[in-house]
Amino acid sequence: VIINNLVKDMKPINDERYSTRGLNAKQYDLYDFKDSISTIVDHVKIELKKIFNKPFYNLVAAWTVYSEENSYHLVHRHNYENSNHISSVLYLSIPDNINLHQSGNFYYFMKNKDNNISYNHITPKLGDLFFLPVNMFHGTYPQAKGLRQTLNLDFEVYDA
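Here's what I pulled together on the structure shown here. (Residues numbered from 1 in each chain as written. Predicted model: local features only at pLDDT ≥ 70, side-chain atom pairs only at ≥ 80, totals over all residues. Heavy atoms only, no water.)

**A closer look at the sheet that holds strand β4 (residues 72-76)**
Backbone-to-backbone hydrogen bonds pair the strands of a sheet. The strands run either parallel or antiparallel. Taken together, 5 strands build an open sheet; the order of strands is β1-β4-β9-β6-β7 and the sheet is antiparallel. With one partner strand each, in any of the chains shown, β1 (20-21) and β7 (117-122) form the two edges of the open sheet. (Pairing = 2+ DSSP bridges. Helix = DSSP H or I, 4+ residues; strand = E, 2+ residues; numbered from the N terminus.)

**Some words on the nonpolar core**
Across soluble globular proteins, nonpolar side chains have a tendency to be buried as a group. Ranked by internal contacts, the top residues of the largest apolar core, which has 20 residues, are Ile3, Leu30, Ile37, Leu48, Leu153 and Phe155. Looking at this core, the elements with two or more residues in it are α1 (2-7), α2 (38-52), β3 (56-67), β5 (85-93) and β10 (148-158). Excluding residues that lie within four positions of it along the chain, Phe155 makes contacts with Val41, Val44, Lys45, Leu48, Tyr57, Asn58, Leu59, Val60, Asn84, His85, Ile86 and Ser88. Core analysis: the next-biggest nonpolar cluster, separate from the first, contains 8 residues, Val89, Ile94, Phe106 and Met136 among them. (Core = buried A, V, L, I, M, F, W, Y, C linked by side-chain atoms within 4.5 Å. Buried < 20%, exposed > 50% of the residue type's maximum accessible area, 1.4 Å probe, protein only. Contact = heavy atoms within 4.5 Å.)

**Comments concerning the sheet that holds β5**
Across the sheet, which stays open at both edges, the 5 strands sit in the order β2-β3-β10-β5-β8 with antiparallel pairing between neighbours. At either end of the open sheet lies a strand with only one pairing partner, and these are β2 (25-29) and β8 (129-133). Taken over all neighbouring pairs, the strand axes of this sheet differ in orientation by 25° on average, direction set aside. Pairing of β2 with β3, which is carried by 5 bridges, proceeds in the antiparallel orientation. By the bridge assignment for β3, Tyr28 is matched with Thr64. (Axes fitted to C-alpha atoms, helices over the stretch in contact; angles between N-to-C directions.)

**Quick look at the pairing of β7**
Sheet topology note: the strand β6 (residues 106-111)/β7 ladder contains 6 bridges and is antiparallel. Bridge assignment links Tyr107 to a residue of β7, and that residue is His121. In this structure, the hairpin formed by β6 and β7 is closed by a connection of 5 residues, where Asn115 is found at a positive phi of approximately 70°.

**A few points about the packing of aromatic side chains**
Within this structure, the stated rule accounts for 10 aromatic pairs. Considering the side-chain rings of Tyr107 and Tyr141, the 4.9 Å spacing of their centres and the 45° angle between planes classify their relative orientation as tilted. In this pair, Tyr107 is assigned in strand β6 and Tyr141 in the loop between β9 (138-140) and β10, connecting sequence segments 34 residues apart. Residue Tyr107 is classed as buried on the basis of its relative accessible area, which comes to 11%. Pairing Phe109 with Tyr119 gives two aromatic rings, centres 5.8 Å apart and planes at 55°, and the pair type is tilted. Remark: Tyr119 occurs in strand β7 and Phe109 occurs in strand β6; sequence separation between them is 10 residues. Taking relative accessible area as the criterion, Tyr119 reaches 38% and is therefore assigned partly exposed. (Phe/Tyr/Trp six-rings, centres within 6.5 Å; stacked < 30°, edge-to-face > 60°.)

**Points about the pairing of β3**
In regular strands, side chains alternate between the two faces of the sheet. Extensive coverage of β3 is indicated by the burial of 9 of its 12 residues. The sheet contact formed by β3 and β10 spans 11 bridges and is antiparallel. Residue pairing across strands places Phe56 opposite Tyr158, the latter belonging to β10.

**Examining the side chain of Ser71**
Within the secondary structure, Ser71 sits in the loop between β3 and β4. Side-chain polar atoms of Ser71 contact the backbone oxygen of Glu68, separated by 2.8 Å. Setting aside residues up to four positions removed in sequence, Ser71 forms contacts with Arg21, Gly22, Asn24, Ala25, Tyr141, Pro142, Gln143 and Arg148. (Polar contact = N/O pair within 3.5 Å; in protein donor to acceptor, adjacent residues only side chain to side chain.)

Quick look at the structure:
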């Protein structure tokens, strides 16, 4: 509700440099409204501390994406000069009618122990929170009818 109220009078980002694609997809920059979403940001920081055991997380980017039928994200990574950043994706809404050909799955690529690149995908569920390094290539497949909304937060991670 907080995020929906924030974006109702905003214009979506219309920039080819971003990965959001599809006629039914809209992306909104929320960084300037970080005080309004601080409760959510604080919750994500608590989860980060549980997993990564670092004391400090500084929010460096925040945005939300509203996606409808046939929307997707190109394969991409988040580019920061400093590699001590972490990305998060929180699923606020998921379509009910996911099917094989329009799964909307989140996919990513990793190097394995043999230095080969492996492909992986996840079918997100409502409320799922994913963390990934900012240099990990990832994207989403086109989705079925219904709303998929995510809150995306990038953090700088540091000890002191």
